[in-house]
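An overview of the molecular structure
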Amino acid sequence: MLIFPLINDISRKIIHIDMDAFFAAIEVRDNPSLRGKPVIIARDPRQSGGRGVVSTCSYEAREFGVHSAMSSKEAYERCPQGIFISGHYDKYLKVGQELREIFFRYTDLVEPMSIDEAYLDVTENKLGISSAVKIAKLIQYDIWNELKLTASAGVSYNKFLAKIASDMEKPCGLTLIRPDDAASILSELPIEKFYGVGKKSVERLHGMGVFKGSDLLEIPEMTLIDKFGRFGFDLYRKARGISNSPVKTHRIRKSVGKERTYGKLLYRLEDVNKELSSLAQRVAVSLDKHGKVGRTIVIKVRYADFTTLTKRRTLDFPTADQEEILRISEEIFDSLGETNKGVRLLGITLTNLEDKVGE
Ligand SMILES: [Mg+2]
């Protein structure tokens, strides 16, 4: 049997910074009368006919069960006193750039994950500070001092654990996971909190009796690789606190896409349209999060016989609008002219991305 060595690099110092309720916090900062209120960044469903999704909301709104990616209609039902604000993305982009400038004072090894989230490798840093916790505190202080916003920070020896750490205490948290602490934290961590494990994989892992990190330790490496491929290989290691992927700089996002594989093939057009609708929503949320709009919409379809088609359409104006993405996706799907072949996979991707401005 093949045995892959377990190499755990604990020599690095990685910080994950995640802004607290970023878009909502900027709105509150610039309009103090909103402070302490449930602020929801989404078009007001009473004016948009219930269309649109929540991109961010304040912690006060979260107490009502509102969260990002929720339809604004549902957000309104849960929190009718919520204050709905259409995003001011040009402003958020500018703040995002100011945030990056703060990071670059400490290190050039910055990997932005979205407008309000980044990994920093501070093993070697511009200030020659040996404590990554101290750097994280300085960054939080700079962010508060200069931007009047708060961030949560996670510090560890790899990106995977730093990300988990930043999520452990929010808002304004600073959490350190040391090599010796990783095993006990991971063993209690619900599997859906393992960063990179998608919804589908969570379901499959639950089916295997895996609900938290300690359950994952019981599954042999080969079983995980058989079931999940490369992802299983990584998961076996992550369960043991091992993840050696480097902080990658200059990550320029070229496309935003979502796809889904269906265990039960889709035959009816209404089922296809329902799935396209959920993909369009997820793509719109993701575009929003990255502050992007796209000009080209690409539809991917895989049929029962595994033939795979992609078809694209380029628009006159870039969009991030869920309804528009859905409408065009449906039109492209219709134009494929295949009706009852059975659909195994659907995907929607936007490319030709531009920074979102205005609104
Ligand atoms: Mg955030």
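Cut-offs used in this document
Residues numbered from 1 in each chain as written. Predicted model: local features only at pLDDT ≥ 70, side-chain atom pairs only at ≥ 80, totals over all residues. Heavy atoms only, no water. Donors = N, O, S within 2.8 Å, 3.2 Å for Na, K, Ca; no water. Helix = DSSP H or I, 4+ residues; strand = E, 2+ residues; numbered from the N terminus. Buried < 20%, exposed > 50% of the residue type's maximum accessible area, 1.4 Å probe, protein only. Pairing = 2+ DSSP bridges. Contact = heavy atoms within 4.5 Å. Axes fitted to C-alpha atoms, helices over the stretch in contact; angles between N-to-C directions. UniProt positions renumbered as here; feature names shortened; annotations may be inferred. Polar contact = N/O pair within 3.5 Å; in protein donor to acceptor, adjacent residues only side chain to side chain. Phe/Tyr/Trp six-rings, centres within 6.5 Å; stacked < 30°, edge-to-face > 60°. Lys NZ or Arg CZ within 6 Å of the ring centre and 35° of its normal.

**Brief notes about the coordination of the magnesium ion**
Distances from the magnesium ion to its protein donors, Asp-18 (OD), Met-19 (O) and Asp-116 (OD), fall at 2.2 to 2.5 Å. Counting residues between consecutive donors of the magnesium ion along the chain gives the motif D-M-x96-D. With Met-19 in strand S1 (residues 14–19) and Asp-116 in the loop between strand S5 (110–114) and strand S6 (117–121), the pair connects residues that are 97 residues apart, well separated along the chain. For Met-19, a relative accessible area of 2% puts it in the buried group. Of the residues examined, Asp-116 reaches a relative accessible area of 10% and is grouped as buried.

**Brief notes about the sheet that holds strand S4 (residues 83–85)**
Taken in spatial order, the 3 strands line up as S3-S2-S4 in an open sheet, and their pairing is mixed. Only two strands of the sheet have a single partner each, and these edge strands are strand S3 (56–57) and S4. Inspection of the sheet shows strand S2 (residues 39–41) paired to S3 by 2 bridges, in the antiparallel sense. Within S3, the residue paired with Ile-40 across the bridge is Cys-57. Most of the contacts of helix H1 (residues 22–30) go to S2, to which it runs at about 125°, and overall it touches S2, S3 and S4.

**A look at the sheet that holds strand S9 (residues 255–266)**
Spatial strand order, S9-S12-S10-S11: 4 strands in an open sheet with antiparallel pairing. The sheet terminates laterally at S9 and strand S11 (308–319), the two strands that pair on one side only. Strand-to-strand twist in this sheet, taken as the mean axis angle between neighbours without regard to direction, amounts to 15°. Relative to S11, strand S10 (residues 292–303) runs antiparallel, the two sharing 8 bridges. Pairing of Lys-300 across the sheet is with Thr-310, part of S11.

**Points about the UniProt feature "active site" (unreviewed entry) in the chain**
The UniProt feature table records "active site" (unreviewed entry) at Glu-117. Discounting residues that sit within four places of it in the chain, Glu-117 has contacts with His-16, Ile-17, Asp-18, Glu-111, Pro-112, Lys-163 and Lys-289. Of note is the side chain of Glu-117, whose polar atom sits 3.2 Å from the side chain of His-16.

**Quick notes on the packing of aromatic side chains**
Across all of its chains, the model carries 7 aromatic pairs by this definition. A ring pair is formed by Phe-23 and Tyr-89, whose centres lie 5.6 Å apart and whose planes are at 90°; its orientation type is edge-to-face. Taken together, the positions of Phe-23 in helix H1 and Tyr-89 in helix H5 (residues 89–106) put the pair 66 residues apart, joining distant regions of the chain. Tyr-89 sits in the buried class, given a relative accessible area of 6%. Between Tyr-89 and Tyr-92, the ring centres sit 5.3 Å apart and the planes meet at 80°, which makes this aromatic pair edge-to-face. Here the residue Tyr-89 and the residue Tyr-92 both occupy positions in helix H5, the gap between them amounting to 3 residues, near one helical turn. The structure contains a cluster of three or more aromatic residues connected by ring pairs, namely Phe-22, Phe-23, Tyr-89 and Tyr-92. A cation sits over an aromatic face here: Lys-356 above Tyr-89, 3.9 Å from the ring centre.

**Considering the environment of Gly-347**
With respect to the helices and strands, the residue Gly-347 is situated in strand S12 (residues 343–355). With 86 residues separating them along the chain, Gly-347 and Thr-261 place their C-alpha atoms 8.8 Å apart. In contact with Gly-347, not counting residues within four places along its chain, are Lys-258, Glu-259, Leu-279, Val-298, Ile-299 and Lys-300.

**Considerations on the side chain of Asn-158**
Within the element layout of this structure, Asn-158 appears in the loop between strand S7 (151–156) and helix H7 (159–168). At 3.2 Å, the side chain of Asn-158 and the backbone nitrogen of Phe-160 are in polar contact.

**Description of the UniProt feature "binding site: Mg(2+)" (unreviewed entry) in the chain**
Residues annotated by UniProt as "binding site: Mg(2+)" (unreviewed entry) correspond here to Asp-18 and Asp-116. In terms of the greatest pairwise C-alpha distance, the residues named above, spread along 99 residues, form a tight cluster of at most 6.0 Å across. Considering the arrangement of structural elements, one finds Asp-18 in strand S1. Note on Asp-18: relative accessible area 12%, which makes it buried. For Asp-18, the residues in contact, after removing those within four places along its chain, are Asp-116, Glu-117, Ala-151, Ser-152, Ser-166 and Lys-170. Residues within four places of Asp-116 in sequence aside, it is in contact with Ile-17, Asp-18, Met-19, Phe-22 and Leu-99.

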